[in-house]
Amino acid sequence: MITAESVWENCLKFIKDNIQIQAYKTWFEPIKPIKFENNVLSVQVPSKFFYEWLEEHYVKLLKLALNKELGENARLIYVIKMENTFGNLSPFTEKIPSQYKTNIPSQKVDLSIGNLQTELRNPFVIPGIKNLKIESQLNPNYTFDNFLEGDANRLARSAGLAVSNKPGGTSFNPLLIFGGVGLGKTHLAHAIGVNVKEKFPEKTVLYISAEKFTQQYIDSVKKNNRNDFIHFYQIIDVLIIDDVQFFSGKTGTQDVFFHIFNHLHQNGKQVILTSDKAPVDMQDIEQRLLSRFKWGLSAELQRPDYETRVSILKNKLYRDGVEISDEVIDYVAKNIKVNVRELEGAVISLIAQSSFNKKEITIELAKGVVEKFVKNTKREVSIDYIQKIVSEYFQMDVSTLQSKTRKRHIVQARQLAMFFAKKFTKASLASIGSQIGRRDHATVLHACKTVDNLSFTDKQFRKYVEDLSKKFTV
Ligand code: ADP
Ligand code: MG
């Protein structure tokens, strides 16, 4: 008599002969035959991910094995054991990616409810020590309370709050927070996690940087427990991955994250991502992943405006128990605009300087500190910026500076722009030339030499060079 067990056992023999032993152990041993009827074999797989993986990588082999055993009309049905947390399972069946529905005739996925039975290995725990409690890796100092609101972060902050009040239950899934360095992405990501933990202590929350995630993934491949890695991440309720731009160009990690993401999303779990770029600007990230990023909400953190900078400063000082005059706060807030991290850095060095030197925090002290900060951040000047500054200095338009005219003062302005571009950027002569009025590299080289010569021989010209130099370095 043919039973599900006997059919599957024969299939397994064939499969085992045709793939590597590790793959066999990982992907085929956990499969359980459960029913055989009308030439249809039902097998149980431990997760949705498992099913996708089999379909993506082993569909041909499965088809061969089944056909060999049961003939051309054989059919296969997957039964997925799911965690019994979500009452309504219908969206799950709908969301099975159709690209996986290939070769095997009339495949179908059945669902039955049970508990996830797979043994989980926790990549945060030293091997050998059994501990399945997942530490959330959250920093309790990053909260919503001390994430000050302003126009520049209102959307992201409110979306973060909404998500933490109802993880997985809003349309902000995934929530992607993006913005430049030091604008609060990491802070906000932690704040969401911390808030979820407070409101829903039973939920499993995990914060991880994309870099660490990648490292864990690589390790899991080396140690042959990629599968455990995946299962570990599939049981998280709120997964926060910081700086996903780090995934760019890393196809293996993207692939594994794609599957984890799908699993979590389909099961109503919350995913929160941060990135230094908007999805449209991300490079070397697979299209299918980018399209997932866009499913939920992408919220930008912009540079805080003056009012927000003042309140961030005041809040920080208040928490540190330091008093500084409004005049100094105003000065710092007006002069440090790029990001919050620098704002905080300036305050810390102000406090440090005043306590080491037993000086009061005066506007003079603040000027010194701020100057250092601003200087350090101006290191990167762009060729566009240089052209703009030089044009302004000579009171002409950038288009005039770039034009083909041979009028002496315009030629000089152009040559100065080229000279500073060479001095302050890493751009090649050719690239400088092409950006400043489409000249070739020889023209740029000639310009640099001319500026050098003229600043020795021509007093007025030397003054131009000095004035402009100051504008680029202060
Ligand atoms: P990012 O991850 O975007 O580079 P961080 O989250 O590390 O930036 O933020 C840099 C610093 O600025 C942190 O110390 C953070 O607490 C602080 N910060 C950023 N935004 C705010 C804000 N809106 N209110 C208070 N502090 C902020
Ligand atoms: Mg960060």
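Residues numbered from 1 in each chain as written. Chains lettered and ligands numbered in written order. Predicted model: local features only at pLDDT ≥ 70, side-chain atom pairs only at ≥ 80, totals over all residues. Heavy atoms only, no water.

## Examining helix H18 (residues 408-424)
Working step 1: Here H18 is 17 residues long and its end C-alpha atoms lie 24 Å apart, about the 24 Å a rise of 1.5 Å per residue gives.
Working step 2: Those residues of H18 that fall on the buried side of the exposure criterion are Ile-410, Gln-412, Ala-413, Arg-414, Gln-415, Leu-416, Ala-417, Met-418, Phe-419, Phe-420 and Ala-421.
Working step 3: Against the buried residues of H18 lie helix H16 (383-393), helix H17 (398-402), helix H19 (429-435), helix H20 (441-457) and helix H21 (459-473). (Helix = DSSP H or I, 4+ residues; strand = E, 2+ residues; numbered from the N terminus. Expected span 1.5 Å × (residues − 1). Buried < 20%, exposed > 50% of the residue type's maximum accessible area, 1.4 Å probe, protein only. Contact = heavy atoms within 4.5 Å.)

## Concerning the confidence of the model for the protein chain
Working step 1: When pLDDT is averaged across the protein chain, the result is 84; 87% of the residues are at 70 or more.
Working step 2: A low-confidence stretch, residues 83-122 stays under pLDDT 50, and its non-local contacts, those more than four residues away or across chains, total 97 contacts.
Working step 3: The low-confidence segment residues 125-132, where pLDDT is below 50, has five contacts with residues more than four positions distant or belonging to other chains. (pLDDT = per-residue confidence, 0-100.)

## Things to note about the pairing of strand E5 (residues 175-179)
Working step 1: The element E5 is largely enclosed, with a buried count of five among its five residues.
Working step 2: In this structure, E5 lies alongside strand E8 (residues 270-275), joined through four bridges in parallel fashion. Pairing of Leu-176 across the sheet is with Leu-273, part of E8.
Working step 3: Pairing of E5 with strand E9 (residues 297-301) involves five bridges; the strand directions are parallel. Bridge pairing in E9 links Leu-175 to Leu-297. (Pairing = 2+ DSSP bridges.)

## Focus: the site of ligand 1
Working step 1: Close contacts around ligand 1 come from 17 residues, with Gly-182, Lys-185, Thr-186, His-187 and Glu-344 the closest.
Working step 2: The separation between a nitrogen atom of ligand 1 and a polar main-chain atom of Leu-148 is 2.9 Å.
Working step 3: Take Lys-185: an N or O atom from its side chain is 2.8 Å from an oxygen atom of ligand 1.
Working step 4: Contact with the protein chains hides 91% of the accessible area of ligand 1, taken as 560 Å² for the molecule alone.
Working step 5: Listed by contribution, the elements that provide at least two residues to the shell around ligand 1 are helix H7 (185-199) and helix H14 (340-356). (Near = heavy atom within 4 Å. Polar contact = N/O pair within 3.5 Å; in protein donor to acceptor, adjacent residues only side chain to side chain. Areas by Shrake-Rupley, 256 points an atom, 1.4 Å probe, with all protein chains shown as cover.)

## Description of the packing of aromatic side chains
Working step 1: All chains considered together, the criterion is met by 21 aromatic pairs.
Working step 2: Aromatic pair Tyr-393 and Phe-394: ring centres 5.0 Å apart, planes at 85°, arrangement edge-to-face.
Working step 3: Clustering of aromatic rings is evident, with ring pairs tying together Phe-213, Tyr-217, Phe-229, Phe-232, Tyr-233, Phe-247, Phe-257, Phe-261 and Trp-295.
Working step 4: A cation over an aromatic ring shows up here: Lys-250 above the ring of Phe-246, its NZ or CZ 4.0 Å from the ring centre. (Phe/Tyr/Trp six-rings, centres within 6.5 Å; stacked < 30°, edge-to-face > 60°. Lys NZ or Arg CZ within 6 Å of the ring centre and 35° of its normal.)

## Some thoughts on helix H1 (residues 4-18)
Working step 1: Between its terminal C-alpha atoms H1 stretches 21 Å, which fits the 21 Å expected from 15 residues at 1.5 Å a residue.
Working step 2: Buried residues along H1 sit against helix H2 (21-28), strand E1 (32-37), strand E2 (40-45) and helix H4 (59-70).

## Quick word on empty space enclosed by the protein
Working step 1: Per the stated rule, a full pass over the model turns up two cavities of 30 Å³ or more.
Working step 2: Lining the second largest cavity, in full, are Leu-313, Leu-317, Ile-324, Val-328, Ile-329, Val-332, Val-347 and Leu-350.
Working step 3: If you list the elements that add at least two residues to the lining of the second largest cavity, you get helix H12 (306-320), helix H13 (326-335) and H14.
Working step 4: Looking at which element gives the most residues to the lining of the second largest cavity, the answer is H13, with three residues. (1 Å grid on protein atoms, 1.4 Å probe; cavity = no way out; pocket = protein on both sides within 12 Å on 5 of 7 lines; lining within 4 Å. Points joined across faces, edges and corners; volume = space filled by probe spheres on them.)

## Side note on the pattern of salt bridges
Working step 1: Counted under the stated rule, the structure contains 12 salt bridges.
Working step 2: Here Glu-149 and Arg-154 are joined by a salt bridge, their closest N and O atoms 2.7 Å apart.
Working step 3: Look at Glu-149 and you get partly exposed, because its relative accessible area is 38%.
Working step 4: Among the charged side chains, a salt-bridge network with shared partners connects Glu-149, Asp-151, Arg-154 and Arg-157. (Salt bridge = Lys/Arg side-chain N within 4 Å of Asp/Glu carboxyl O.)

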